[in-house]
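As a plain string of letters, each chain reads:
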Amino acid sequence: MPSFGRTGLLLLLSLVIFSGIGFLWLPSYDMVEDKIEAAMKKWSPPTGLVKPPASCTCPAKSYDLAGSIPTANREDIQKRRAEEYKKHQARTSSILNTLLFAPSNSPLQYPIQGFTVRPLVPTLIPGLALHGVQRSSYKVSLQVTKGVLSLGNQSEAQSVEGGGKKLLILEKLSLAELNKLLAKVTYTIPVYHIHTGDLVHFSFELHEAVFPIAIRQPTVPVLFDMGTNISDQVTVTTKTFMRYKELKVLIRSLRQFYKDVVLIVADDSFILEKITEENVLQYIMPGGQGWFAGRTLAVSQVTTKYFLWVDDDFLFTEKTKIEDLVEVMEATPELDVVGGSVSGNQFYFSIAYEEGDGVAGGCMDRKSDIKFQSLPNYPQCSIVNGVVNFFLARTDAVNRVRFDPKLKRVAHSEFFMDGLGQLMVASCGHVSIGHQPRGANAQYNQFRHPGKGDVQYKLQLHYYKNHLQCLHYG
């Protein structure tokens, strides 16, 4: 049904022409009020697309993640997974994601973006007005779902449905007087919520507009004192397991260039050796807790704005300029992680992800050596989705994603997969670190290389935790 004003509706509903005697009868406004209200209830402009989510297509040679689940347990696991995904959707979805359409030729004025209220605080709705129409009287309505609509002077407004809490109807003979009332309309969310939203339906005759209200509890800033030295800005972190020889070489190389920077070591070796170096904090873990558990522990103890992740067999060189990575991060506040290269290997990748239909799960394709645009003013740096094991990161951003402790040996890309859409990542080729020669270490090697069970477990974890149906490495 097309959108037209009250005049057009009067003609359609009630224009009666007696051509035989040339008699024209136009009923009064009040006589067709009921018909107008009925028409308004039957039709409203679209506020969203009724379109089911589409299933995704797995790239060729993808891992079939459902196939990694044992047949005997598959049905039960799929049921639990579906229930957990529904809870995830309920927690992360928002009414503010509703697709809204601006009506054409509408006399209604209203805020379309940026109107934010605090929970429990009455807030004037800015910019409400009616323009460009001439009537003997003017009547508008505003309706919300979660909040309360109020007017500065309640005696001037007619309210319905519980004293005007959800629905507010304003009527005046003068357009100017109506707009004065609209300028006094306030919105309040009567329950405490830190991050939600509401939609306001604003109507005049057959014109309806819908606009969003963001409901936000302002967050408290958590700032880091950058000080004046690199040691005030960056903590170096590593995880070690049965490789004290390599760890000591790493420490010596670090001290050659950065004498005062703190090094945090997460250590889950079965046979422990105490590290007594100055500015080295060794955190002892139960033996064999694993790669990601150690990374999470190390980062959790960082007190500086940034941390630099290195492996315990890396080697600081004259090209390991931490300051250069800090410069990139400080110049690009939206960045969370910036990687370098290891012995000239600037490993990075992109992640293509489709959510799928919500039943079978999503499709993910990790593509090596694929980057997006270059960083402004830093042509040697490009936006990517994941980087090598040598990177500088914002401590608070990484702690929000964390390294999943369930992943003990087969893990690196998984952190960036979990952080997709949360972490802004870049790779820079102008900062590098060396790698120590690989030596014989029988004790370490017997735990280093994963077995088939480790790979199978990781695929099962992707299936359930990440709600994926397939995963491709390209």
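Along every chain, residues carry numbers that run from 1 in the direction the sequence is written. Totals for whole chains, interfaces and linings use all residues, but because this is a predicted model, local features are given only for residues with pLDDT of at least 70 and pairs of side-chain atoms are given and counted only at 80 or more. Note that the side-chain values use all heavy atoms of the structure and ignore hydrogens as well as water.

### Observations regarding the side chain of Thr320
Then, number 1: Helical segments are the DSSP runs of H or I of at least four residues, strand segments are the runs of E of at least two, and each set is numbered from the N terminus. Within the secondary structure layout, Thr320 lies in the loop between β19 (314–315) and α9 (322–331).
Then, number 2: Thr320 gets classed as buried once you look at its relative accessible area, which sits at 1%.
Then, number 3: Contact between two residues is taken to exist if any of their heavy atoms lie within 4.5 Å; hydrogens are not considered. Those residues in contact with Thr320, other than ones at most four positions away along the chain, are Tyr258, Leu315, Phe390, Val431, Ser432 and Ile433. Any residue under 20% of the maximum accessible area for its type is buried, any over 50% is exposed, and the rest in between are partly exposed; the area is computed with a 1.4 Å probe on protein chains only.

### Points about the packing of aromatic side chains
Then, number 1: Two aromatic rings from Phe, Tyr or Trp, using only the six-membered ring of Trp, form a pair when their centres are within 6.5 Å; if the ring planes differ by under 30 degrees the pair is stacked, by over 60 it is edge-to-face, and anything between is tilted. Overall, the coordinates contain 13 aromatic pairs when judged by the stated rule.
Then, number 2: Where Trp291 meets Trp309, the ring centres are 5.8 Å apart and the plane angle is 70°; that geometry is what we call edge-to-face. One end of the pair, Trp291, is in helix α8 (residues 291–300); the other, Trp309, is in strand β18 (residues 306–309), and 18 residues separate them in sequence. As far as the burial class goes, Trp291 and Trp309 line up, both buried.

### Examining empty space enclosed by the protein
Empty space among the atoms becomes apparent when a probe as large as a water molecule is rolled across them.
Then, number 1: Only protein atoms enter the 1 Å grid used here. Points where a 1.4 Å probe fits but cannot escape make up a cavity, open sets with protein on both sides within 12 Å along at least five of seven lines make up a pocket, and a residue lines them when an atom lies within 4 Å of a point. Grid points are joined across faces, edges and corners, and a volume is the space filled by probe spheres set on the points. Across all of its chains, the model carries one cavity of 30 Å³ or more by this definition.
Then, number 2: A volume near 30 Å³ is recorded for the largest cavity.
Then, number 3: Top contributing element to the lining of the largest cavity by residue count: helix α13 (residues 452–465), with three residues.
Then, number 4: Under the convention adopted here, Pro, Cys and the residues Ala, Val, Leu, Ile, Met, Phe, Trp and Tyr are nonpolar, Asp, Glu, Lys and Arg are charged, and Gly plus all remaining residues are polar. Partitioned by chemical class, the residues of the lining of the largest cavity number two nonpolar, two polar and three charged.

### Quick notes on the layout of surface pockets
Then, number 1: Of the voids in this model, the second largest pocket is the one considered here, and its volume is about 1,000 Å³.
Then, number 2: Of all the secondary structure elements, the ones that give two or more residues to the lining of the second largest pocket are α3 (71–92), α10 (395–401), α11 (413–418) and α13.
Then, number 3: Looking at the lining of the second largest pocket element by element, the count peaks at eight residues for α3.
Then, number 4: Of the residues assigned to the lining of the second largest pocket, the class counts are nine nonpolar, seven polar and eleven charged.

### As for the pairing of strand β20 (residues 337–342)
Then, number 1: With six of its six residues buried, β20 lies for the most part within the structure.
Then, number 2: We treat two strands as partners when DSSP finds at least two bridges between them. Two elements, β20 and strand β26 (residues 391–394), share three bridges in a ladder whose sense is antiparallel. In the strand pairing of β26, Gly339 is matched with Phe391.
Then, number 3: Direction of pairing for β20 relative to strand β27 (residues 425–435): parallel, over a ladder of five bridges. Residue pairing in the sheet places Val338 in a bridge with Ala426 of β27.

### Concerning the sheet that holds strand β9 (residues 148–150)
As a general point, the strands of a sheet are linked pairwise by backbone hydrogen bonds and lie either parallel or antiparallel.
Then, number 1: Pairing is antiparallel across the open sheet formed by three strands, whose spatial order is β6-β12-β9. Two strands in the sheet have a free side with no partner beyond their single neighbour: β6 (123–124) and β9.
Then, number 2: Pairing of β9 with strand β12 (residues 186–188), which is carried by three bridges, proceeds in the antiparallel orientation. Within the sheet, the bridge partner assigned to Val148 lies in β12 and is Thr188.

### Some thoughts on the pattern of salt bridges
Then, number 1: Criterion for a salt bridge: a side-chain nitrogen of Lys or Arg within 4 Å of a carboxyl oxygen of Asp or Glu. Counted by the stated rule, this structure contains twelve salt bridges.
Then, number 2: Of the charged contacts, one joins Arg409 and Asp454 as a salt bridge, the two residues approaching to 2.9 Å between their closest N and O atoms. Here Arg409, found in the loop between α10 and α11, pairs with Asp454, found in helix α13; they are 45 residues apart in sequence, far enough to count as distant.
Then, number 3: Given a relative accessible area of 33%, Arg409 falls into the partly exposed group.
Then, number 4: Relative accessible area serves as the criterion here: at 23%, Asp454 is assigned to the partly exposed category.
Then, number 5: A single network of salt bridges, built from pairs that share partners, joins Arg243, Asp312 and Asp313.

### Side note on the sheet that holds strand β25 (residues 386–387)
Then, number 1: If you walk across this open sheet you meet the five strands as β3-β28-β22-β21-β25, and the pairing is mixed. Two strands in the sheet have a free side with no partner beyond their single neighbour: β3 (63–64) and β25.
Then, number 2: With two bridges connecting them, β3 and strand β28 (residues 468–473) associate as antiparallel partners. Among the inter-strand pairings, Asp64 is bridged to a residue of β28, identified as Cys470.

### Regarding α13
Then, number 1: Here, expected helix span is obtained from the residue count minus one, scaled by 1.5 Å. End to end, α13 covers 20 Å across 14 residues, agreeing with the expected 20 Å (1.5 Å per residue, within 8%).
Then, number 2: Considered for burial, the residues of α13 that qualify are Lys458, Leu459, Leu461, His462 and Tyr463.
Then, number 3: Phi turns positive, to about 50°, at His467, one or two residues after α13.

### Description of the side chain of Asn385
Then, number 1: Relative to the elements of secondary structure, Asn385 occurs in the loop between β24 (378–384) and β25.
Then, number 2: What qualifies as a polar contact is a pair of N or O atoms within 3.5 Å, subject to a donor-acceptor requirement within protein and to the restriction that residues adjacent in sequence count only when both atoms come from side chains. Looking at Asn385, its side chain comes within polar contact range of the main-chain nitrogen of Ile351, at 2.7 Å.
Then, number 3: Among residues more than four places away in sequence, those in contact with Asn385 are Phe349, Ser350, Ile351, Phe372, Phe416, Leu420 and Val425.

### Considering the pairing of strand β21 (residues 348–354)
Then, number 1: Here two bridges tie β21 to β25, and the two strands are oriented antiparallel to one another. Residue pairing in the sheet places Phe349 in a bridge with Gly386 of β25.
Then, number 2: Sheet topology places β21 next to strand β22 (residues 362–368); six bridges connect them, and they run antiparallel. When the sheet's bridge partners are listed, Ser350 is paired in β22 with Lys367.

### Looking at α8
Then, number 1: Most of α8 sits inside the fold, with eight of its ten residues counted as buried.
Then, number 2: Elements that come into contact with the buried residues of α8 comprise β15 (234–240), β16 (263–267), β18, β26, α10 and α11.

### Some remarks on the confidence of the model for the chain
Then, number 1: One number per residue, pLDDT, summarises how confident the predictor is, and it ranges from 0 to 100. Chain-level statistics for the chain give a pLDDT mean of 87 and a share of 84% at 70 or above.
Then, number 2: With pLDDT under 50 throughout, residues 1–50 is counted as low confidence; its partners more than four residues away or in other chains account for 59 contacts.
Then, number 3: With pLDDT under 50 throughout, residues 157–163 is counted as low confidence; its partners more than four residues away or in other chains account for 13 contacts.

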